[in-house]
Amino acid sequence: MFNSILRIGELLNKEGGSDYKLPIEKVKSKDAKLCFVVFDIGKKKVYTDKQKLVEGDEEKYAYIGNAKAQKPQDRLTTDSLKYIIGRDENGERVSNNKFSLKVVADKLKDSKTGKLLKEVLEWYTPETEIEGLDWDCDLYTVRVVTKEGETIDLATLEDYRRSLVEAKGVVKGKCQFCGTEGVLPNPDYTGGSLLKVFITDKKGFLSDFGEVLYSHSVCPSCRNKLELGRSYVEQNLTARVGKLNVYIVPDIPGKAEKTFLDMFKANKEGYILEGLREVERGEREALEIMEFEGVEVRLDLVFGQKEQNKFRLWRVIPEVGVPRLVEIMKLAGKGKRLVSGNNKIPLQDISFQTLYGVLPVRDSGRGIEPKVFLDFLEALLLGNKLDQSYVYGSFVSVAKCVRYGTCENSLTRFTLEDLPLYQEIFIYVMKEIGIMGEKTEQQKETNLDTPLGYADSLGLKGGLKGLFLLGVLTAYVGKEQYNKGDEKKAILNRIDYEGMDIDDVVAFANRLHESLRDYRQLNSVTESLFAEALDLIKRNPNDLWDTQSNVFHILLGYSYQTKMFIQHAKGGTKESNE
(Lines give C-alpha, C1' and ligand atoms only; values in the text may rest on other atoms or scores of the structure.)
Protein backbone atom coordinates (compact mmCIF):
# COMPACT_ATOMS: atom_id res chain seq x y z
CA MET A 1 0.00 0.00 0.00
CA PHE A 2 2.67 2.52 1.00
CA ASN A 3 4.85 1.68 -1.97
CA SER A 4 1.85 2.49 -4.17
CA ILE A 5 1.29 5.81 -2.38
CA LEU A 6 4.97 6.59 -2.95
CA ARG A 7 4.64 5.73 -6.65
CA ILE A 8 1.64 8.07 -6.94
CA GLY A 9 3.82 10.81 -5.47
CA GLU A 10 6.55 10.03 -7.99
CA LEU A 11 4.09 10.34 -10.87
CA LEU A 12 2.90 13.71 -9.57
CA ASN A 13 6.48 14.94 -9.07
CA LYS A 14 7.36 13.85 -12.59
CA GLU A 15 4.36 15.69 -13.98
CA GLY A 16 5.31 18.83 -12.07
CA GLY A 17 8.73 18.88 -13.73
CA SER A 18 10.57 19.83 -10.50
CA ASP A 19 12.42 18.03 -7.76
CA TYR A 20 9.59 18.71 -5.34
CA LYS A 21 5.84 19.34 -5.38
CA LEU A 22 3.49 20.43 -2.62
CA PRO A 23 0.52 18.32 -1.42
CA ILE A 24 -2.00 21.01 -2.35
CA GLU A 25 -5.50 20.96 -0.84
CA LYS A 26 -8.49 22.23 -2.77
CA VAL A 27 -11.09 24.66 -1.43
CA LYS A 28 -14.46 22.94 -1.90
CA SER A 29 -16.73 25.96 -1.51
CA LYS A 30 -18.45 27.35 -4.57
CA ASP A 31 -17.83 31.04 -5.34
CA ALA A 32 -14.97 30.98 -2.83
CA LYS A 33 -13.19 34.17 -1.82
CA LEU A 34 -9.46 34.77 -1.33
CA CYS A 35 -8.30 37.48 1.08
CA PHE A 36 -4.79 38.95 0.96
CA VAL A 37 -3.74 40.11 4.40
CA VAL A 38 -1.51 43.03 3.38
CA PHE A 39 1.31 44.20 5.65
CA ASP A 40 2.64 47.55 4.38
CA ILE A 41 6.06 47.94 5.96
CA GLY A 42 6.62 51.52 4.81
CA LYS A 43 3.27 52.81 6.09
CA LYS A 44 3.14 50.37 9.03
CA LYS A 45 -0.46 49.49 8.37
CA VAL A 46 -2.44 46.28 7.77
CA TYR A 47 -5.54 45.77 5.63
CA THR A 48 -7.30 43.01 3.70
CA ASP A 49 -7.91 42.79 -0.03
CA LYS A 50 -10.72 40.40 -1.05
CA GLN A 51 -10.80 38.74 -4.46
CA LYS A 52 -12.50 35.80 -6.10
CA LEU A 53 -10.62 32.52 -5.64
CA VAL A 54 -9.85 31.27 -9.14
CA GLU A 55 -8.65 27.93 -10.49
CA GLY A 56 -5.04 27.31 -9.49
CA ASP A 57 -4.92 29.76 -6.56
CA GLU A 58 -4.49 26.94 -4.04
CA GLU A 59 -1.36 25.86 -5.92
CA LYS A 60 -0.13 29.40 -6.50
CA TYR A 61 -0.33 30.31 -2.82
CA ALA A 62 0.76 26.89 -1.49
CA TYR A 63 -2.36 25.93 0.44
CA ILE A 64 -1.63 22.62 2.14
CA GLY A 65 -4.01 22.92 5.07
CA ASN A 66 -3.25 23.91 8.65
CA ALA A 67 -0.79 22.32 11.04
CA LYS A 68 -2.67 19.81 13.17
CA ALA A 69 -3.02 19.67 16.95
CA GLN A 70 -0.13 21.45 18.73
CA LYS A 71 2.27 21.51 15.80
CA PRO A 72 3.62 24.96 14.84
CA GLN A 73 1.51 26.77 12.25
CA ASP A 74 4.28 27.26 9.70
CA ARG A 75 1.86 27.99 6.82
CA LEU A 76 1.22 31.48 5.46
CA THR A 77 -1.85 30.43 3.48
CA THR A 78 -4.71 29.22 5.61
CA ASP A 79 -8.49 29.03 5.87
CA SER A 80 -8.36 30.64 9.31
CA LEU A 81 -7.47 34.33 9.57
CA LYS A 82 -6.55 34.08 13.25
CA TYR A 83 -3.32 32.25 12.48
CA ILE A 84 -2.05 35.13 10.36
CA ILE A 85 -3.07 38.11 12.49
CA GLY A 86 -2.46 36.33 15.82
CA ARG A 87 -5.90 36.81 17.35
CA ASP A 88 -9.36 35.35 16.95
CA GLU A 89 -12.64 37.08 16.15
CA ASN A 90 -13.17 37.85 19.85
CA GLY A 91 -9.77 39.47 20.19
CA GLU A 92 -8.18 36.56 22.07
CA ARG A 93 -4.55 35.92 21.14
CA VAL A 94 -3.61 32.56 19.64
CA SER A 95 -0.76 30.60 21.19
CA ASN A 96 2.76 31.52 20.03
CA ASN A 97 3.19 28.32 18.02
CA LYS A 98 -0.01 29.09 16.08
CA PHE A 99 0.93 32.68 15.18
CA SER A 100 2.20 31.92 11.69
CA LEU A 101 4.10 35.20 11.11
CA LYS A 102 6.29 34.53 14.13
CA VAL A 103 6.63 30.79 13.47
CA VAL A 104 7.77 31.26 9.85
CA ALA A 105 9.98 34.22 10.73
CA ASP A 106 11.88 32.08 13.25
CA LYS A 107 11.97 29.05 10.94
CA LEU A 108 13.32 31.00 7.94
CA LYS A 109 15.24 33.73 9.72
CA ASP A 110 18.20 33.63 7.32
CA SER A 111 16.11 33.61 4.13
CA LYS A 112 14.18 36.22 2.17
CA THR A 113 10.81 35.24 3.63
CA GLY A 114 12.15 35.28 7.18
CA LYS A 115 13.79 38.69 6.77
CA LEU A 116 10.62 40.25 5.36
CA LEU A 117 8.56 38.87 8.24
CA LYS A 118 11.14 40.15 10.71
CA GLU A 119 10.62 43.66 9.34
CA VAL A 120 6.85 43.23 9.73
CA LEU A 121 7.14 42.01 13.32
CA GLU A 122 9.27 45.01 14.29
CA TRP A 123 6.05 47.04 14.33
CA TYR A 124 3.14 44.57 14.04
CA THR A 125 1.61 42.75 17.03
CA PRO A 126 -1.71 40.84 17.34
CA GLU A 127 -3.13 44.00 18.93
CA THR A 128 -2.40 46.19 15.89
CA GLU A 129 -5.47 47.73 14.29
CA ILE A 130 -6.41 46.27 10.88
CA GLU A 131 -8.46 48.12 8.29
CA GLY A 132 -11.44 46.31 6.73
CA LEU A 133 -10.96 43.10 8.68
CA ASP A 134 -12.88 40.34 6.89
CA TRP A 135 -13.59 37.02 8.62
CA ASP A 136 -15.70 35.55 5.82
CA CYS A 137 -13.07 34.58 3.24
CA ASP A 138 -12.45 30.94 2.35
CA LEU A 139 -8.70 31.35 2.09
CA TYR A 140 -6.18 33.88 3.45
CA THR A 141 -2.58 34.49 2.44
CA VAL A 142 0.15 36.96 3.43
CA ARG A 143 1.14 39.86 1.16
CA VAL A 144 3.95 42.27 2.05
CA VAL A 145 4.56 45.72 0.62
CA THR A 146 8.23 46.65 1.10
CA LYS A 147 9.58 50.08 1.98
CA GLU A 148 10.40 50.49 -1.70
CA GLY A 149 6.76 49.80 -2.61
CA GLU A 150 7.30 46.31 -4.04
CA THR A 151 4.37 43.93 -3.51
CA ILE A 152 5.39 40.35 -2.59
CA ASP A 153 3.11 37.38 -1.94
CA LEU A 154 5.23 35.41 0.51
CA ALA A 155 3.60 32.06 -0.31
CA THR A 156 5.03 32.28 -3.85
CA LEU A 157 8.65 32.60 -2.70
CA GLU A 158 10.87 29.59 -3.36
CA ASP A 159 12.49 29.52 0.09
CA TYR A 160 9.09 29.42 1.79
CA ARG A 161 7.63 26.76 -0.51
CA ARG A 162 10.68 24.52 -0.08
CA SER A 163 10.41 24.88 3.69
CA LEU A 164 7.01 23.19 3.52
CA VAL A 165 8.49 19.95 2.19
CA GLU A 166 12.10 19.92 3.32
CA ALA A 167 12.91 18.53 6.74
CA LYS A 168 16.10 19.62 8.42
CA GLY A 169 18.38 17.06 9.96
CA VAL A 170 18.73 13.37 9.29
CA VAL A 171 20.14 10.56 11.43
CA LYS A 172 21.92 7.35 10.66
CA GLY A 173 19.74 4.80 8.93
CA LYS A 174 18.62 3.46 5.57
CA CYS A 175 15.37 4.51 3.90
CA GLN A 176 13.09 1.50 3.67
CA PHE A 177 11.79 2.69 0.30
CA CYS A 178 14.79 3.81 -1.78
CA GLY A 179 17.64 2.47 0.36
CA THR A 180 19.54 5.76 0.61
CA GLU A 181 21.48 6.57 3.76
CA GLY A 182 20.14 9.18 6.12
CA VAL A 183 16.59 9.11 7.50
CA LEU A 184 14.36 11.51 9.35
CA PRO A 185 14.25 11.07 13.12
CA ASN A 186 10.55 11.93 12.91
CA PRO A 187 8.71 11.87 9.55
CA ASP A 188 6.13 14.22 11.07
CA TYR A 189 3.41 13.33 8.58
CA THR A 190 0.36 15.54 8.18
CA GLY A 191 -1.81 15.14 11.26
CA GLY A 192 -4.84 12.86 10.91
CA SER A 193 -3.68 11.64 7.51
CA LEU A 194 -3.49 8.16 6.06
CA LEU A 195 0.27 8.10 6.64
CA LYS A 196 -0.28 8.23 10.40
CA VAL A 197 -0.83 4.46 10.16
CA PHE A 198 2.96 4.22 10.23
CA ILE A 199 3.24 5.82 13.63
CA THR A 200 2.48 2.79 15.77
CA ASP A 201 4.18 0.54 18.27
CA LYS A 202 2.75 -2.64 16.76
CA LYS A 203 5.29 -5.34 16.08
CA GLY A 204 5.82 -5.61 12.38
CA PHE A 205 6.16 -1.90 11.79
CA LEU A 206 9.49 -1.79 13.60
CA SER A 207 12.65 -1.96 11.51
CA ASP A 208 16.20 -1.96 12.89
CA PHE A 209 18.40 0.23 10.73
CA GLY A 210 21.90 0.75 12.06
CA GLU A 211 22.34 1.58 15.69
CA VAL A 212 18.93 3.16 16.25
CA LEU A 213 15.51 1.47 16.27
CA TYR A 214 12.84 3.38 14.38
CA SER A 215 9.17 2.60 13.92
CA HIS A 216 9.47 3.87 10.34
CA SER A 217 12.59 4.84 8.40
CA VAL A 218 12.19 7.25 5.53
CA CYS A 219 14.44 9.78 3.82
CA PRO A 220 13.29 13.38 3.16
CA SER A 221 12.75 12.76 -0.56
CA CYS A 222 10.55 9.71 -0.06
CA ARG A 223 8.65 11.45 2.70
CA ASN A 224 7.73 14.24 0.29
CA LYS A 225 6.59 11.72 -2.32
CA LEU A 226 4.49 9.91 0.31
CA GLU A 227 2.83 13.18 1.27
CA LEU A 228 2.09 13.96 -2.37
CA GLY A 229 0.59 10.51 -2.91
CA ARG A 230 -1.36 10.73 0.34
CA SER A 231 -2.82 14.10 -0.61
CA TYR A 232 -3.86 12.81 -4.04
CA VAL A 233 -5.55 9.73 -2.59
CA GLU A 234 -7.40 11.69 0.07
CA GLN A 235 -8.66 14.30 -2.39
CA ASN A 236 -9.25 12.24 -5.52
CA LEU A 237 -9.46 8.55 -4.62
CA THR A 238 -11.62 8.53 -1.51
CA ALA A 239 -14.93 6.70 -1.81
CA ARG A 240 -17.74 6.44 0.70
CA VAL A 241 -19.66 3.35 1.81
CA GLY A 242 -22.21 4.00 4.52
CA LYS A 243 -20.40 6.16 7.04
CA LEU A 244 -16.99 4.78 6.15
CA ASN A 245 -14.28 6.44 4.10
CA VAL A 246 -12.61 4.10 1.61
CA TYR A 247 -9.19 5.23 0.44
CA ILE A 248 -8.49 3.63 -2.94
CA VAL A 249 -4.78 2.97 -3.47
CA PRO A 250 -4.11 1.44 -6.89
CA ASP A 251 -1.05 -0.69 -7.52
CA ILE A 252 0.97 1.42 -9.98
CA PRO A 253 2.53 -0.50 -12.90
CA GLY A 254 6.12 0.37 -13.76
CA LYS A 255 5.28 1.98 -17.11
CA ALA A 256 2.30 3.96 -15.84
CA GLU A 257 2.03 7.73 -16.25
CA LYS A 258 -0.17 10.29 -14.50
CA THR A 259 -2.94 9.46 -17.01
CA PHE A 260 -3.21 6.04 -15.34
CA LEU A 261 -4.41 7.73 -12.16
CA ASP A 262 -6.94 9.79 -14.10
CA MET A 263 -8.76 6.59 -15.07
CA PHE A 264 -9.89 5.98 -11.49
CA LYS A 265 -13.04 7.75 -10.35
CA ALA A 266 -14.07 7.24 -6.73
CA ASN A 267 -17.78 6.86 -6.00
CA LYS A 268 -19.29 8.25 -2.80
CA GLU A 269 -22.65 6.46 -3.08
CA GLY A 270 -21.59 2.98 -2.06
CA TYR A 271 -20.08 1.58 -5.29
CA ILE A 272 -16.41 2.42 -4.54
CA LEU A 273 -15.66 3.03 -8.25
CA GLU A 274 -17.69 4.99 -10.76
CA GLY A 275 -19.25 2.74 -13.37
CA LEU A 276 -20.11 -0.11 -11.02
CA ARG A 277 -23.70 1.14 -10.67
CA GLU A 278 -24.14 0.65 -14.41
CA VAL A 279 -22.56 -2.81 -14.13
CA GLU A 280 -25.11 -3.77 -11.44
CA ARG A 281 -27.94 -2.51 -13.64
CA GLY A 282 -26.65 -4.53 -16.58
CA GLU A 283 -25.97 -1.37 -18.59
CA ARG A 284 -22.27 -2.14 -19.07
CA GLU A 285 -20.10 -5.25 -18.94
CA ALA A 286 -16.79 -3.89 -17.67
CA LEU A 287 -14.76 -0.87 -16.57
CA GLU A 288 -11.99 0.75 -18.62
CA ILE A 289 -9.50 0.15 -15.84
CA MET A 290 -9.90 -3.65 -15.62
CA GLU A 291 -6.30 -4.20 -16.74
CA PHE A 292 -3.19 -2.30 -17.80
CA GLU A 293 -0.88 -3.65 -20.48
CA GLY A 294 -2.34 -7.12 -20.06
CA VAL A 295 -2.06 -7.22 -16.25
CA GLU A 296 -5.08 -7.16 -13.92
CA VAL A 297 -5.33 -3.86 -12.06
CA ARG A 298 -5.43 -4.29 -8.29
CA LEU A 299 -6.38 -1.94 -5.47
CA ASP A 300 -5.72 -1.68 -1.77
CA LEU A 301 -8.90 -0.51 -0.06
CA VAL A 302 -8.16 1.31 3.18
CA PHE A 303 -11.08 1.87 5.56
CA GLY A 304 -10.43 4.59 8.10
CA GLN A 305 -10.93 8.20 9.05
CA LYS A 306 -9.19 11.20 10.53
CA GLU A 307 -9.50 11.59 14.28
CA GLN A 308 -7.90 14.91 15.19
CA ASN A 309 -4.14 14.34 14.83
CA LYS A 310 -4.44 10.55 14.49
CA PHE A 311 -5.77 8.20 11.85
CA ARG A 312 -8.34 5.59 12.84
CA LEU A 313 -7.70 2.48 10.75
CA TRP A 314 -10.51 -0.05 10.58
CA ARG A 315 -9.12 -2.39 7.98
CA VAL A 316 -7.05 -2.73 4.83
CA ILE A 317 -8.45 -5.07 2.19
CA PRO A 318 -5.39 -5.67 0.01
CA GLU A 319 -4.95 -6.45 -3.67
CA VAL A 320 -8.56 -6.35 -4.75
CA GLY A 321 -8.75 -6.93 -8.48
CA VAL A 322 -10.96 -4.49 -10.37
CA PRO A 323 -12.43 -7.48 -12.28
CA ARG A 324 -13.53 -8.88 -8.90
CA LEU A 325 -15.45 -5.69 -8.12
CA VAL A 326 -17.12 -5.97 -11.50
CA GLU A 327 -17.97 -9.64 -10.92
CA ILE A 328 -19.58 -8.88 -7.55
CA MET A 329 -21.71 -6.10 -9.02
CA LYS A 330 -22.79 -8.29 -11.93
CA LEU A 331 -23.86 -11.01 -9.52
CA ALA A 332 -25.63 -8.45 -7.32
CA GLY A 333 -27.63 -7.30 -10.32
CA LYS A 334 -28.44 -10.88 -11.27
CA GLY A 335 -29.40 -11.66 -7.67
CA LYS A 336 -31.69 -8.64 -7.56
CA ARG A 337 -33.50 -9.78 -10.70
CA LEU A 338 -33.83 -13.27 -9.24
CA VAL A 339 -35.08 -12.18 -5.81
CA SER A 340 -37.44 -9.60 -7.32
CA GLY A 341 -39.07 -12.33 -9.42
CA ASN A 342 -37.88 -10.71 -12.64
CA ASN A 343 -38.77 -7.26 -11.28
CA LYS A 344 -42.28 -8.22 -10.10
CA ILE A 345 -41.21 -7.04 -6.64
CA PRO A 346 -39.66 -3.54 -6.88
CA LEU A 347 -36.20 -3.39 -5.31
CA GLN A 348 -33.66 -0.59 -5.23
CA ASP A 349 -30.24 -0.72 -6.88
CA ILE A 350 -27.74 -2.88 -5.02
CA SER A 351 -24.40 -1.51 -3.87
CA PHE A 352 -21.89 -2.13 -1.11
CA GLN A 353 -23.86 0.47 0.83
CA THR A 354 -26.85 -1.88 0.65
CA LEU A 355 -24.70 -4.54 2.32
CA TYR A 356 -23.72 -1.98 4.96
CA GLY A 357 -27.40 -1.29 5.65
CA VAL A 358 -28.48 -4.94 6.07
CA LEU A 359 -25.74 -5.76 8.59
CA PRO A 360 -25.31 -4.90 12.29
CA VAL A 361 -23.03 -1.85 12.10
CA ARG A 362 -22.97 -0.01 15.40
CA ASP A 363 -23.22 3.73 14.99
CA SER A 364 -23.40 5.50 18.32
CA GLY A 365 -21.94 8.49 20.10
CA ARG A 366 -18.85 6.40 20.80
CA GLY A 367 -18.19 5.98 17.09
CA ILE A 368 -18.71 3.33 14.44
CA GLU A 369 -18.03 -0.38 14.81
CA PRO A 370 -18.05 -1.81 11.27
CA LYS A 371 -16.39 -5.19 11.94
CA VAL A 372 -19.22 -7.39 10.65
CA PHE A 373 -19.65 -5.36 7.47
CA LEU A 374 -15.91 -5.43 6.79
CA ASP A 375 -15.83 -9.18 7.43
CA PHE A 376 -18.51 -9.69 4.79
CA LEU A 377 -16.98 -7.25 2.30
CA GLU A 378 -13.50 -8.70 2.69
CA ALA A 379 -14.87 -12.20 2.11
CA LEU A 380 -16.69 -11.05 -1.04
CA LEU A 381 -13.66 -9.27 -2.47
CA LEU A 382 -10.93 -11.75 -1.51
CA GLY A 383 -12.88 -15.00 -1.61
CA ASN A 384 -12.53 -15.83 2.08
CA LYS A 385 -14.99 -18.42 3.38
CA LEU A 386 -17.78 -17.22 5.67
CA ASP A 387 -19.35 -19.48 8.27
CA GLN A 388 -23.05 -19.99 7.55
CA SER A 389 -24.04 -19.45 11.18
CA TYR A 390 -22.16 -16.14 11.21
CA VAL A 391 -23.95 -15.01 8.05
CA TYR A 392 -27.48 -15.92 9.14
CA GLY A 393 -26.85 -14.80 12.72
CA SER A 394 -25.75 -11.38 11.50
CA PHE A 395 -28.72 -11.01 9.18
CA VAL A 396 -31.29 -12.12 11.76
CA SER A 397 -29.84 -9.78 14.39
CA VAL A 398 -30.73 -6.90 12.07
CA ALA A 399 -34.22 -8.32 11.54
CA LYS A 400 -34.64 -8.37 15.31
CA CYS A 401 -33.56 -4.75 15.75
CA VAL A 402 -35.85 -3.69 12.88
CA ARG A 403 -38.74 -5.50 14.53
CA TYR A 404 -38.19 -3.87 17.91
CA GLY A 405 -36.80 -0.51 16.76
CA THR A 406 -33.38 -0.93 18.38
CA CYS A 407 -31.06 -0.68 15.36
CA GLU A 408 -27.87 1.34 15.88
CA ASN A 409 -27.05 1.41 12.17
CA SER A 410 -28.43 4.70 10.85
CA LEU A 411 -28.49 3.26 7.32
CA THR A 412 -30.74 0.33 8.24
CA ARG A 413 -33.77 1.91 6.60
CA PHE A 414 -35.56 -1.29 5.70
CA THR A 415 -38.79 -2.78 6.97
CA LEU A 416 -39.23 -6.40 7.96
CA GLU A 417 -41.17 -6.75 4.73
CA ASP A 418 -38.16 -6.02 2.49
CA LEU A 419 -35.02 -6.55 4.60
CA PRO A 420 -34.81 -10.35 4.06
CA LEU A 421 -35.12 -9.88 0.29
CA TYR A 422 -32.06 -7.62 0.17
CA GLN A 423 -30.17 -9.98 2.46
CA GLU A 424 -31.09 -12.91 0.19
CA ILE A 425 -29.43 -11.10 -2.73
CA PHE A 426 -26.10 -11.17 -0.92
CA ILE A 427 -26.60 -14.81 0.09
CA TYR A 428 -27.04 -15.54 -3.61
CA VAL A 429 -23.79 -13.68 -4.42
CA MET A 430 -21.88 -15.50 -1.68
CA LYS A 431 -23.08 -18.87 -2.91
CA GLU A 432 -22.23 -18.05 -6.52
CA ILE A 433 -18.62 -17.13 -5.70
CA GLY A 434 -18.23 -20.12 -3.41
CA ILE A 435 -17.67 -18.49 -0.03
CA MET A 436 -20.80 -19.93 1.63
CA GLY A 437 -22.83 -23.04 0.84
CA GLU A 438 -23.54 -24.42 -2.59
CA LYS A 439 -24.43 -22.53 -5.74
CA THR A 440 -28.11 -21.77 -6.24
CA GLU A 441 -29.83 -24.57 -8.18
CA GLN A 442 -32.66 -22.97 -10.11
CA GLN A 443 -35.48 -24.83 -11.79
CA LYS A 444 -35.57 -24.28 -15.55
CA GLU A 445 -39.26 -23.39 -15.58
CA THR A 446 -40.89 -21.87 -12.52
CA ASN A 447 -43.99 -19.81 -11.88
CA LEU A 448 -42.62 -16.90 -9.88
CA ASP A 449 -46.12 -15.79 -8.92
CA THR A 450 -46.54 -18.84 -6.68
CA PRO A 451 -44.66 -19.46 -3.42
CA LEU A 452 -43.50 -22.88 -4.58
CA GLY A 453 -42.26 -21.52 -7.89
CA TYR A 454 -40.47 -18.61 -6.21
CA ALA A 455 -38.82 -20.95 -3.67
CA ASP A 456 -37.62 -23.13 -6.54
CA SER A 457 -36.15 -20.09 -8.32
CA LEU A 458 -34.05 -19.37 -5.21
CA GLY A 459 -32.88 -22.96 -5.09
CA LEU A 460 -34.65 -23.67 -1.79
CA LYS A 461 -35.43 -27.32 -1.14
CA GLY A 462 -36.12 -29.72 1.68
CA GLY A 463 -36.55 -28.30 5.14
CA LEU A 464 -35.52 -24.79 4.09
CA LYS A 465 -38.30 -24.72 1.53
CA GLY A 466 -40.70 -25.84 4.26
CA LEU A 467 -39.56 -22.96 6.48
CA PHE A 468 -40.07 -20.53 3.60
CA LEU A 469 -43.65 -21.77 3.17
CA LEU A 470 -44.32 -21.24 6.88
CA GLY A 471 -43.19 -17.66 6.35
CA VAL A 472 -45.59 -17.32 3.43
CA LEU A 473 -48.46 -18.45 5.66
CA THR A 474 -47.28 -16.02 8.35
CA ALA A 475 -47.85 -13.24 5.82
CA TYR A 476 -51.48 -14.34 5.40
CA VAL A 477 -52.09 -13.90 9.13
CA GLY A 478 -50.06 -10.67 9.21
CA LYS A 479 -52.14 -9.18 6.40
CA GLU A 480 -55.39 -9.81 8.27
CA GLN A 481 -53.98 -8.45 11.53
CA TYR A 482 -52.80 -5.31 9.73
CA ASN A 483 -56.16 -4.79 8.10
CA LYS A 484 -57.86 -5.11 11.49
CA GLY A 485 -55.71 -2.34 12.96
CA ASP A 486 -52.74 -4.30 14.32
CA GLU A 487 -50.06 -2.51 12.31
CA LYS A 488 -47.25 -4.30 14.17
CA LYS A 489 -48.72 -7.74 13.37
CA ALA A 490 -48.70 -9.77 16.56
CA ILE A 491 -47.95 -13.00 14.67
CA LEU A 492 -44.37 -11.75 14.19
CA ASN A 493 -43.87 -11.77 17.96
CA ARG A 494 -44.17 -15.57 17.88
CA ILE A 495 -40.91 -15.78 15.95
CA ASP A 496 -37.92 -16.17 18.25
CA TYR A 497 -35.25 -13.93 16.71
CA GLU A 498 -32.60 -15.48 18.93
CA GLY A 499 -32.95 -18.70 16.95
CA MET A 500 -35.42 -21.58 16.53
CA ASP A 501 -34.59 -25.29 16.56
CA ILE A 502 -36.84 -27.91 15.00
CA ASP A 503 -39.01 -28.20 18.12
CA ASP A 504 -39.49 -24.42 18.16
CA VAL A 505 -40.39 -24.51 14.47
CA VAL A 506 -43.01 -27.23 14.94
CA ALA A 507 -44.52 -25.35 17.90
CA PHE A 508 -44.60 -22.17 15.80
CA ALA A 509 -46.26 -24.05 12.95
CA ASN A 510 -49.02 -25.33 15.25
CA ARG A 511 -49.74 -21.84 16.58
CA LEU A 512 -49.62 -20.48 13.03
CA HIS A 513 -52.29 -23.00 11.94
CA GLU A 514 -54.52 -21.86 14.80
CA SER A 515 -54.07 -18.24 13.73
CA LEU A 516 -54.92 -19.08 10.12
CA ARG A 517 -58.17 -20.61 11.38
CA ASP A 518 -58.90 -17.76 13.76
CA TYR A 519 -58.46 -15.17 10.98
CA ARG A 520 -60.41 -17.30 8.50
CA GLN A 521 -57.45 -17.78 6.23
CA LEU A 522 -57.71 -21.55 5.96
CA ASN A 523 -58.67 -22.59 2.46
CA SER A 524 -57.54 -25.11 -0.12
CA VAL A 525 -54.46 -23.04 -1.00
CA THR A 526 -53.24 -22.36 2.52
CA GLU A 527 -54.09 -25.88 3.71
CA SER A 528 -52.03 -27.28 0.85
CA LEU A 529 -49.11 -24.96 1.60
CA PHE A 530 -49.23 -25.84 5.30
CA ALA A 531 -49.27 -29.58 4.61
CA GLU A 532 -46.38 -29.19 2.16
CA ALA A 533 -44.37 -27.16 4.67
CA LEU A 534 -44.78 -29.67 7.50
CA ASP A 535 -44.04 -32.60 5.22
CA LEU A 536 -40.80 -31.02 3.96
CA ILE A 537 -39.70 -30.19 7.50
CA LYS A 538 -40.49 -33.61 8.96
CA ARG A 539 -38.83 -35.46 6.08
CA ASN A 540 -35.70 -33.28 6.21
CA PRO A 541 -35.04 -32.52 9.91
CA ASN A 542 -31.28 -32.28 9.33
CA ASP A 543 -31.83 -29.23 7.15
CA LEU A 544 -32.89 -27.32 10.26
CA TRP A 545 -29.60 -27.64 12.14
CA ASP A 546 -28.87 -23.89 12.05
CA THR A 547 -31.32 -22.10 14.36
CA GLN A 548 -30.63 -18.64 12.85
CA SER A 549 -31.02 -19.95 9.30
CA ASN A 550 -34.42 -21.30 10.31
CA VAL A 551 -35.56 -17.87 11.44
CA PHE A 552 -34.18 -16.22 8.32
CA HIS A 553 -36.03 -18.52 5.92
CA ILE A 554 -39.32 -18.02 7.74
CA LEU A 555 -38.81 -14.25 7.45
CA LEU A 556 -37.86 -14.60 3.80
CA GLY A 557 -41.17 -16.32 3.05
CA TYR A 558 -43.04 -13.68 5.03
CA SER A 559 -41.26 -10.89 3.14
CA TYR A 560 -41.94 -12.40 -0.29
CA GLN A 561 -45.64 -13.02 0.30
CA THR A 562 -46.26 -9.63 1.92
CA LYS A 563 -44.65 -7.91 -1.05
CA MET A 564 -46.81 -9.95 -3.41
CA PHE A 565 -49.95 -8.94 -1.49
CA ILE A 566 -48.93 -5.31 -1.82
CA GLN A 567 -48.22 -5.64 -5.54
CA HIS A 568 -51.51 -7.41 -6.23
CA ALA A 569 -53.60 -4.98 -4.23
CA LYS A 570 -55.80 -2.69 -6.29
CA GLY A 571 -55.76 0.26 -3.93
CA GLY A 572 -58.51 -1.00 -1.65
CA THR A 573 -56.83 -2.41 1.46
CA LYS A 574 -54.75 -0.92 4.20
CA GLU A 575 -52.05 -3.48 3.52
CA SER A 576 -51.54 -2.03 0.06
CA ASN A 577 -50.42 1.23 1.64
CA GLU A 578 -47.97 -0.28 4.08
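Note: the structure precedes this text.
So, the pairing of strand β2 (residues 45-52)
Here strand β1 (residues 33-40) pairs with β2 via eight bridges, running antiparallel. If you follow F39 over to β2, its bridge partner there is V46. Turn length for the β1-β2 hairpin, with the two strands adjacent in sequence and antiparallel, is four residues, and the turn residue K44 shows positive phi of about 55 degrees. The pairing of β2 with strand β4 (residues 130-131) spans two bridges and is parallel.

Focus on the state of the cysteines
For the structure on display, the rule yields two disulfides. Note that C35 is cross-linked by a disulfide to C137, the S-S spacing being 2.0 Å. Here C35 is found in strand β1, whereas its partner C137 is found in the loop between β4 and β5 (139-145), with 102 residues between them in sequence. Among the residues examined, C137 registers a relative accessible area of 8% and is labelled buried. Disulfide pairing places C401 opposite C407 at an S-S distance of 1.9 Å. Taking the sign of the S-S torsion, about 85 degrees here, the bridge from C401 to C407 comes out right-handed. Judged by its relative accessible area of 29%, C407 is partly exposed. Cysteine pairing for the protein chain (bonded cysteines numbered in sequence order): 1-2, 3-4. The thiol sulfur of C178 is not disulfide-bonded, and the nearest other cysteine sulfur, from C219, lies at 3.6 Å.

Regarding a negative patch on the surface
Where like charges cluster on the molecular surface, the negative patch consists of D496, D501, D503 and D504. Along the chain, D504 turns up in helix α17 (residues 502-518).

Reading guide: rules and limits
Residues numbered from 1 in each chain as written. Predicted model: local features only at pLDDT ≥ 70, side-chain atom pairs only at ≥ 80, totals over all residues. Heavy atoms only, no water. Pairing = 2+ DSSP bridges. Helix = DSSP H or I, 4+ residues; strand = E, 2+ residues; numbered from the N terminus. Disulfide = S-S within 2.5 Å. Buried < 20%, exposed > 50% of the residue type's maximum accessible area, 1.4 Å probe, protein only. Patch = residues over 30% accessible without salt bridge, like charges linked within 9 Å, V, L, I, M, F, W, Y side chains within 5 Å. Areas by Shrake-Rupley, 256 points an atom, 1.4 Å probe, with all protein chains shown as cover. Salt bridge = Lys/Arg side-chain N within 4 Å of Asp/Glu carboxyl O. Lys, Arg positive; Asp, Glu negative; His and termini not counted. Charge placed at Lys NZ, Arg CZ, Asp CG, Glu CD.

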